[in-house]
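The residues making up each chain are set out below.
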Amino acid sequence: MANMDFILQGLSEDNDHYSSVAKLLSLKNIEHCIISVAFMNKAGAEMFVDELSKCSDKLKFYIGIRNGVTSKQGIEVLINNGIYPICVDTATQAFIFHPKVYLAQNCEVAKLIVGSANFTTGGLIKNIESSLILDLNLLDEKDKSLVQKVETSFEELEKQHPENVVLLKHDCDLEEMVQDGL
């Protein structure tokens, strides 16, 4: 059964998303990792680029775009370090991609953070943000089922909306994306 904890960042120095995400990314032998955020900027990307690079071949990093916050510079930090994000474009700022989910798992355990923290300095350190943290035992069927539901949900997002959910490649033209309003 899951071990649960709650973060209400901004009220005490030892309760922040930065250290919680760092613990998640330090999980030994990561086999799958999903990060999903509405917003990411350069400072947020730079905070974890080394840790993300270590699991880049097992990482699916979903980032909302065309939202007025996610920056080209943040995406460049990832791409320049071999991390190719999956951009989610709803084609309007009136309806944006907004889930904040951090998941890392190996063959025995998973760590899951679900809450309000984006991949920005504000979201990870400065803002008052909240999340639920779950340490899951993948030998427990309920815990394993929850992890599978998270993974399946994002897989379905990609399958059902291939024109809006796009994996960036090393040769993508970020300048062209900016000019196109993305």
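If you're wondering where the values come from, they're calculated on a predicted model, not measured in any experiment.

Caption draft 1: Representation of the sheet that holds strand E2 (residues 32-37) within the structure. Pairing within the open sheet is mixed, and its 8 strands lie in the order E1-E7-E6-E5-E2-E3-E4-E8. This sheet does not close on itself; its edge strands, each paired only once, are strand E1 (3-8) and strand E8 (165-167). With strand direction ignored, the average angle separating the axes of adjacent strands in the sheet is 15 degrees. Of the pairings in the sheet, the one linking E2 to strand E5 (residues 101-105) comprises 5 bridges and is antiparallel in character. Considered in E5, the bridge of Ile34 is made with Leu103. Across the face of the sheet, helix H5 (residues 141-160) comes into contact with E2, strand E3 (59-65), strand E4 (86-89), E5, strand E6 (109-115), strand E7 (130-137) and E8 while running at roughly 120 degrees to E5.

Caption draft 2: Looking closely at the environment of Tyr102. Position of Tyr102 among the secondary structure elements: in strand E5. Taking the relative accessible area as the measure of exposure, Tyr102 reaches 1% and is therefore buried. Distance from Tyr102 to Asn164, taken between C-alpha atoms, is 21 Å for residues 62 residues apart in sequence. If sequence neighbours within four positions are ignored, Tyr102 has contacts with Val21, Leu24, Ile34, Ile35, Val37, Lys111, Leu112, Ile113, Ala117, Asn118, Phe119 and Leu124. Separated by 2.9 Å, the side chain of Tyr102 and the backbone oxygen of Ala117 make a polar contact.

Rules behind the numbers
Residues numbered from 1 in each chain as written. Predicted model: local features only at pLDDT ≥ 70, side-chain atom pairs only at ≥ 80, totals over all residues. Heavy atoms only, no water. Pairing = 2+ DSSP bridges. Helix = DSSP H or I, 4+ residues; strand = E, 2+ residues; numbered from the N terminus. Axes fitted to C-alpha atoms, helices over the stretch in contact; angles between N-to-C directions. Contact = heavy atoms within 4.5 Å. Buried < 20%, exposed > 50% of the residue type's maximum accessible area, 1.4 Å probe, protein only. Polar contact = N/O pair within 3.5 Å; in protein donor to acceptor, adjacent residues only side chain to side chain.

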